[in-house]
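Coordinate analysis (summary)
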Amino acid sequence: MQLEARQAFTLTHPGGQDAALAFVRDAGVSLSRVRFLRDLWADAAGVRGELVVPVPLLGEVDLPFVSSLHPTPDGAKLQPQPVTSERAWVEVAGQARVSAAGEMAFDFQFRAHLRLPEAEGWGGAAFEKMVRSAAERTLTRLAGELPQGIGAALLDAAR
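Residues numbered from 1 in each chain as written. Predicted model: local features only at pLDDT ≥ 70, side-chain atom pairs only at ≥ 80, totals over all residues. Heavy atoms only, no water.

A look at the packing of aromatic side chains
Rules: Pairing of aromatic rings covers Phe, Tyr and Trp, the last counted by its six-membered ring, and requires centre-to-centre distances within 6.5 Å; plane angles under 30 degrees mean stacked, over 60 mean edge-to-face, and any other angle means tilted. The way it works is that DSSP assigns letters per residue, a run of H or I at least four long becomes a helix, a run of E at least two long becomes a strand, and they are numbered from the N terminus. Exposure classes here rest on a 1.4 Å probe applied to the protein chains alone. A residue is buried below 20% of its type maximum, exposed above 50%, and partly exposed in between.
Counted according to the given criterion, the structure contains five aromatic pairs. Considering the side-chain rings of F36 and F110, the 6.3 Å spacing of their centres and the 75° angle between planes classify their relative orientation as edge-to-face. Taken together, the positions of F36 in the loop between helix 2 (27-30) and strand 2 (37-43) and F110 in strand 7 (residues 103-114) put the pair 74 residues apart, joining distant regions of the chain. The class of F36 is buried, set by a relative accessible area of 4%. Owing to a relative accessible area of 4%, F110 belongs among the buried residues under this scheme. For the ring pair F106 and F108, a centre distance of 6.1 Å and an interplane angle of 10° mean the geometry is stacked. Take F106: its relative accessible area is 6%, and that puts it in the buried class.

If you want it as structure tokens, here you go:
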């Protein structure tokens, strides 16, 4: 089962363009206050951790992710890397573009991969449909929390 969510938003760095570029190119700093990320580890090459998703009927699902980080002339880009040997994982992709005024335009995409037991009969199919619907709503809600988390990290970094 694959589930997708996307979140695009804009924040302005009070320190201007150079400070904004440094902020978006340091995923460890910019993602540090995002509540649904756990065990976040980042360096100049990339970022990894777990996206924690509470899924009704299944409980809390930890979705590991690995993304490479690539500086661009006007910001940075996260490119998802495959996670092997996991029943559930998530691709985290994103791009941040910085303007001359320090405005940072973020665009994140999440694609969760969940392997569920084979659905048998109409009851199994109904269960799978309920899990899919609940998980999609939850992933979309979590993606919607990104502006607040990155905004909090921005306040910390600007101090």
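Having seen the structure, we can now continue with the description.
Structural notes on the nonpolar core
Our working definition: Here, nonpolar core refers to any group of buried Ala, Val, Leu, Ile, Met, Phe, Trp, Tyr and Cys residues whose side-chain atoms link them within 4.5 Å. Residue contacts follow a heavy-atom distance rule, with two residues in contact if any of their heavy atoms lie within 4.5 Å.
Membership of the largest hydrophobic core comes to 41 residues, with the highest contact counts inside it found for L51, L63, M104, F106, F108, F110 and I150. Among the elements that line this core, the one with the most residues is strand 7, at six residues. F108 has contacts with A5, R6, Q7, F9, L31, L78, A93, G94, L146 and I150, leaving out every residue within four places of it along the chain.

Some remarks on helix 4 (residues 146-158)
Convention followed: How far a helix is expected to stretch is found by multiplying one less than its residue total by 1.5 Å.
With 13 residues, helix 4 ought to run about 18 Å at 1.5 Å a step, and its terminal C-alpha atoms sit 18 Å apart, in line with that. Those residues of helix 4 not exposed but buried are L146, G149, I150, G151, A152, A153 and L154.

Quick look at empty space enclosed by the protein
Filter applied, for reference: Here a cavity denotes a set of grid points, spaced 1 Å apart and computed over the protein atoms alone, in which a 1.4 Å probe fits but from which it cannot get out, and a pocket denotes an open set meeting protein on both sides within 12 Å along at least five of seven lines; residues with an atom within 4 Å of a point are reported as lining. Grid points are joined across faces, edges and corners, and a volume is the space filled by probe spheres set on the points. Three residue categories are used. Nonpolar comprises Ala, Val, Leu, Ile, Met, Phe, Trp, Tyr, Cys and Pro, charged comprises Asp, Glu, Lys and Arg, and polar comprises the others, including Gly.
Evaluated as defined, the whole model comprises three cavities of 30 Å³ or more. Every residue lining the largest cavity is counted, 14 residues in all, and those nearest its centre are V24, S30, L78, A96 and F108. Split into classes, the residues belonging to the lining of the largest cavity amount to 10 nonpolar, three polar and one charged.

Some details on helix 1 (residues 17-24)
Counted only if it meets this: Throughout, the arc means the angular range of directions from the helix axis out to the C-beta atoms.
Residues A20, L21, F23 and V24 constitute the buried set of helix 1. For helix 1, the angular spread of buried residues about the axis comes to 160°, placing them on one side. Taken together, the buried residues of helix 1 touch helix 2, strand 5 (75-81), strand 6 (88-98), strand 7 and helix 4.

Brief notes about the side chain of H113
Spelled out, the test is: We define a polar contact as two N or O atoms separated by no more than 3.5 Å, with the added condition that, inside protein, one atom must be a possible hydrogen donor and the other a possible acceptor, whereas residues neighbouring each other in sequence contribute only through side-chain atom pairs.
Within the fold, H113 resides in strand 7. The class for H113 is buried, based on a relative accessible area of 14%. A polar atom in the side chain of H113 sits 2.7 Å from the side chain of E91. Here H113 is in contact with M1, Q2, R87, A88, W89 and E91, once residues within four sequence places are set aside.

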